[in-house]
Every structure is written in C-alpha cells, then in structure tokens.
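# An overview of the molecular structure
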Amino acid sequence: MQEEPFEPNLVGFLCTWCSYTGADFAGTARMTYAPNVKIIRVMCSGRVDPQFVLKAFREGADGVLISGCHPGDCHYKEGNYRTLRRYRLLIRVLEQMGIEPARLRLEWVSAAEGARFQRVCNEFTEQIRALGPLSLNGGKHEQHQA
C-alpha cells in the first residue's frame, strides 16, 4: 500500500491593505501557487497576536505565514514594526516548545506584488513539505472540541 505524499496545512495571516490585496492580485492575474495556505485576513499584521499563531499550530497547522506591508508603508504607521518584534519573540518561544522556527515565516508583500506572494506561498509550502508534518502531543495534533 502506497502512502500519499504529505501536503502541508498552512495558515496565513495577511494584512488587508497590502498582503491580502497582493494575494488577490495574484489570483486575478491567474498566477498559480500552492493551495496549501489558508488565508486569514487581518486589518494589520500588527494585530496578529502571538496566541493566534500558537493556536494555529495547536489546531493542526504545519506552518504559519504572517505577511504585511513593507516597513515604512504600514497604513497604521508602525504595525509592521510591532509584527517584526513579535515575530522575533515567537521564534524564541517556538524553539523552547520544540517547534522548528522555520515553520513560522514573516514576509512583507505589497498590493502590487502578486508574483512575490505567489513565490512566497510556493517556497513556504515546499519548505514545510521538506520538514514534514508538525508533531505535537506524541505525533498527533491536538483535537479541539467545540
């Protein structure tokens, strides 16, 4: 019996003004990219609470992408600088939890950079595919009961 190849489950937190619009541009331009990233639209990447990222991992994400406006271009002036500070802290927290830091990625994507969004999604999918599934709780993802 042949085992199916691993397809990563990825979550992407995208700022509405730049990254989400860049993703939309990639879609309307018919740029093909890996469908593994489930997009969550946020007003600003600076609004991505570290607990959102940890919850995504806890509920089955193999990788998390945070994407926002380029530094200096944030619609909320300093949101992406907050994002960068939180990202650096999250990397340390993930290491302490035994989760490979490569499973979290931060990228700046503007509204006009559909091709960049396409490349980021494809690269991140391949990177996580190479790492394999995230193993929590003895190799099983925690099942969240509502």
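To be clear, the structure that these remarks concern was listed above.
Report on the accompanying structure. (Residues numbered from 1 in each chain as written. Predicted model: local features only at pLDDT ≥ 70, side-chain atom pairs only at ≥ 80, totals over all residues. Heavy atoms only, no water.)

### Observations concerning the pairing of strand β4 (residues 104-108)
- Within β4, five of the five residues are buried, which leaves the element mostly enclosed by the surrounding structure.
- Of the two faces of β4, both are covered, the one formed by L104, L106 and W108 as well as the one formed by R105 and E107.
- When strand β3 (residues 63-68) meets β4, the two strands line up parallel, connected through five bridges. The partner of V64 across the bridge, within β4, is L104. (Buried < 20%, exposed > 50% of the residue type's maximum accessible area, 1.4 Å probe, protein only. Helix = DSSP H or I, 4+ residues; strand = E, 2+ residues; numbered from the N terminus. Pairing = 2+ DSSP bridges.)

### Description of the nonpolar core
- F13, V48, V53, F57, V64, I66 and L104 are the most contacted members of the largest nonpolar core, which totals 19 residues.
- Beyond its immediate sequence surroundings of up to four residues, V48 is in contact with F13, V42, V53, I66 and R86. (Core = buried A, V, L, I, M, F, W, Y, C linked by side-chain atoms within 4.5 Å. Contact = heavy atoms within 4.5 Å.)

### A few points about the sheet that holds strand β1 (residues 10-15)
- On the basis of which strands lie adjacent, the open sheet formed by four strands has the order β2-β1-β3-β4 and parallel pairing. Across the chains shown, the open sheet's two edge strands, defined by having one partner strand only, are β2 (37-42) and β4. Each strand of the sheet is rotated relative to its neighbour by a mean of 20 degrees, with strand direction disregarded.
- Where β1 lies against β3, five bridges are found, and the strand directions are parallel. Note on β3: the bridge partner recorded for L10 is G63.
- Against the sheet, helix α4 (residues 114-131) engages β1, β2, β3 and β4, with an angle of about 170 degrees to β4. (Axes fitted to C-alpha atoms, helices over the stretch in contact; angles between N-to-C directions.)

### What about helix α2 (residues 50-58)?
- What α2 keeps buried is the set V53, A56 and F57. The buried residues of α2 occupy an angular sector of 95 degrees when projected down its axis, which confines them to one face.
- Buried residues in α2 make contact with β1, β3, α3 (79-97) and β4.
- Between the side-chain oxygen at the start of α2 and the backbone nitrogen of Q51 there is a gap of 2.7 Å, and the oxygen is on D49.
- G60, located one to two residues past α2, shows a positive phi value of around 120 degrees. (Arc of directions from axis to C-beta. Polar contact = N/O pair within 3.5 Å; in protein donor to acceptor, adjacent residues only side chain to side chain.)

### Some details on the pattern of salt bridges
- In total, this model carries eight salt bridges according to the counting rule given.
- Here K55 makes a salt bridge to E59, at a shortest N to O gap of 3.9 Å.
- On the accessibility criterion, K55 (38% relative accessible area) is partly exposed.
- Where E123 meets R105, a salt bridge forms, and the shortest distance between an N and an O atom there is 2.9 Å. (Salt bridge = Lys/Arg side-chain N within 4 Å of Asp/Glu carboxyl O.)

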